[in-house]
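Per-entry structural report
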Amino acid sequence: MDFELDESVAAFRAEVREFLAQELTPELDDRAYRSGVSHDAAFARRLAERGWVGPGWERDDGHRRLNPYEVHVLEEELTRAEAPIYAVATTEMVANVIRVVGSAQLRAEILPRFLRGELTIALGMTEPEAGSDVAGVRTRARRDGDRWIVDGQKMFTTNGHVTDYIFLLTRTGTRPDGPRHAGLTMFLVRLDQPGIEVQAVYTLSGERTNIVFLSEVVVEDRWRIGEVDGGWRALMLALQDEHSAAFSPHLDRLLGAVEGWARAGGRLHEPDVQARLGRWATALEVAQLLELRTTWMSAAGQVPVAEGPMSKLFSTESLVSAAEDLTELVGPDALRSRLDPMALADGRIEHALRFSLGTAIYAGTSEIQRNIIAEQACRLPRSQHPSG
């Protein structure tokens, strides 16, 4: 495998960096940090104007389809810059599912608007009593003619207070003796309708996520995604993308901040500084190669079923350990936040320490990733759920 990117991809990277220098203004960056909301409608529209929403899709709107390596570079640069793209990313996850299992009517309604940056979708899978165990959801949809009545609640619906829709996993089956993942159905539900309440939940890193309460919410059947009681397939399509999420750019940003601190303080040649920076630069290189492997597989028409989780697991576990180790290296001043005038590196080290902890949960917990790797790559038997 040769993961060396050619000159055209390098030129595209420069184009993305130029775009970020123009569009990711200090004001926008500061607003996203203070609010904890990683979405900005104007920024999303700018991405869409360049064809960088759904960038790998075949399209007929005049924009060029990016190849997998260009898509990789685009996502890498946006993530490293901490651009407000969470809602764009979750919307693309759901749009990909709709492309595969959505009805013709739903595809016509949603996909063109997605590519134009005109709508956003939050994820509604996790529940207070069903975290990583999505098969244990209790939010129920009961049929009423050509519509459904939904009751329940969803946790960690990031950007649910600003998106247009929620990708909602519900339980519709009634067989108590059936498999735990059977009887699930997916819907696309508008959030601006009666019976829906969105409450803020703030994470350790200051990100705003939400809990969404649904009470007697009416959903027309045309908003169903996939077959009735066939939601597991739609869910797996979404999670396949999520399990390959790239987190190495966050480690890259942290390393840059600590290296800048060491250089400015004349400490770059100290043995301990070199040893720690070298350790995590090595981990960064491995993480980047693992991510490029998933891109290479996708370009070759392969599905990185185990390789995506390997990449995600290694990069997030490395980020957590690096944030702790490098904070210890820098010392107490590393804990000054961005809002402190005396903060080092604009508070990036302190923020990385808090943010890193959540990455071992986002896009599937480390335990989930290990289970997938064990089953898919090592051919070990599926682990048994405690409830059987």
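Since we're looking at a predicted model, the values are computed, not measured.

Conventions used here
Residues numbered from 1 in each chain as written. Predicted model: local features only at pLDDT ≥ 70, side-chain atom pairs only at ≥ 80, totals over all residues. Heavy atoms only, no water. Core = buried A, V, L, I, M, F, W, Y, C linked by side-chain atoms within 4.5 Å. Buried < 20%, exposed > 50% of the residue type's maximum accessible area, 1.4 Å probe, protein only. Helix = DSSP H or I, 4+ residues; strand = E, 2+ residues; numbered from the N terminus. Domains from an automatic or database assignment. Contact = heavy atoms within 4.5 Å. Pairing = 2+ DSSP bridges. Salt bridge = Lys/Arg side-chain N within 4 Å of Asp/Glu carboxyl O. Nonpolar A, V, L, I, M, F, W, Y, C, P; charged D, E, K, R; others polar. UniProt positions renumbered as here; feature names shortened; annotations may be inferred. Lys, Arg positive; Asp, Glu negative; His and termini not counted.

This part takes up the nonpolar core. L20, F43, I110, F167, L188 and I225 are the most contacted members of the largest nonpolar core, which has 65 residues in total. The greatest single-element share of this core, amounting to seven residues, is contributed by helix α5 (residues 86-101). Taken domain by domain, the makeup of this core includes at least three residues from each of domain 1 (7-84) and domain 2 (122-229). Here I225 is in contact with V94, V97, I98, V101, L106, F167, M186, F187, L188 and A234, once residues within four sequence places are set aside. L251, L254, L277 and L319 belong to the second largest nonpolar core, which has 22 residues in total.

With that settled, consider the pairing of strand β7 (residues 208-220). A regular strand places its side chains so that they alternate between the two faces of the sheet. With eight bridges joining them, strand β3 (residues 147-155) and β7 adopt antiparallel strand pairing. Pairing of R147 across the sheet is with E220, part of β7. Where strand β6 (residues 196-202) meets β7, seven bridges bridge the pair, whose relative direction is antiparallel. Its bridge partner being in β7, E197 is matched across the sheet by F213. The turn linking β6 back onto β7 is made up of five residues, and G206 within it adopts a positive phi angle of 90°.

Domain parsing of the protein yields domain 1 (7-84), domain 2 (122-229) and domain 3 (244-378). Computed from C-alpha coordinates alone, the two centres of domain 1 and domain 3 are separated by 21 Å. The tally of links between domain 1 and domain 3 comes to three salt bridges. A salt bridge links E82 to R253; the shortest N-O distance between them is 3.5 Å. Of all the secondary structure elements, the ones that give two or more residues to the side of domain 1 that touches domain 3 are α2 (26-35) and α4 (68-80). Looking at the side of domain 1 that touches domain 3, the element that brings in the most residues is α4, giving six residues. Partitioning the side of domain 1 that touches domain 3 into residue classes produces four nonpolar, two polar and six charged.

The next subject is the UniProt feature "domain: Acyl-CoA dehydrogenase/oxidase N-terminal" (unreviewed entry) in the protein. As annotated in UniProt, the feature "domain: Acyl-CoA dehydrogenase/oxidase N-terminal" (unreviewed entry) corresponds to residues 9-118 in the numbering used here. Span residues 9-118 is 68% helix and 0% strand, its end C-alpha atoms 28 Å apart.

Turning next to the side chain of E291. Turning to its location among the elements, E291 is positioned in helix α9 (residues 271-299). No salt bridge is formed by the buried E291; the nearest opposite charge belongs to R80, separated by 8.1 Å. Aside from chain neighbours lying at most four places away, what touches E291 is H72, A246, F247, S248, P249, S311 and S315.

Further remarks concern the environment of I196. Secondary-structure assignment places I196 in strand β6. Taking relative accessible area as the criterion, I196 reaches 16% and is therefore assigned buried. Measuring from C-alpha to C-alpha, the distance between I196 and S215 comes to 6.5 Å, with 19 residues separating the pair along the chain. Residues contacting I196, with those up to four places away along its chain left out, are V189, R190, L191, V212, F213, L214 and V217.

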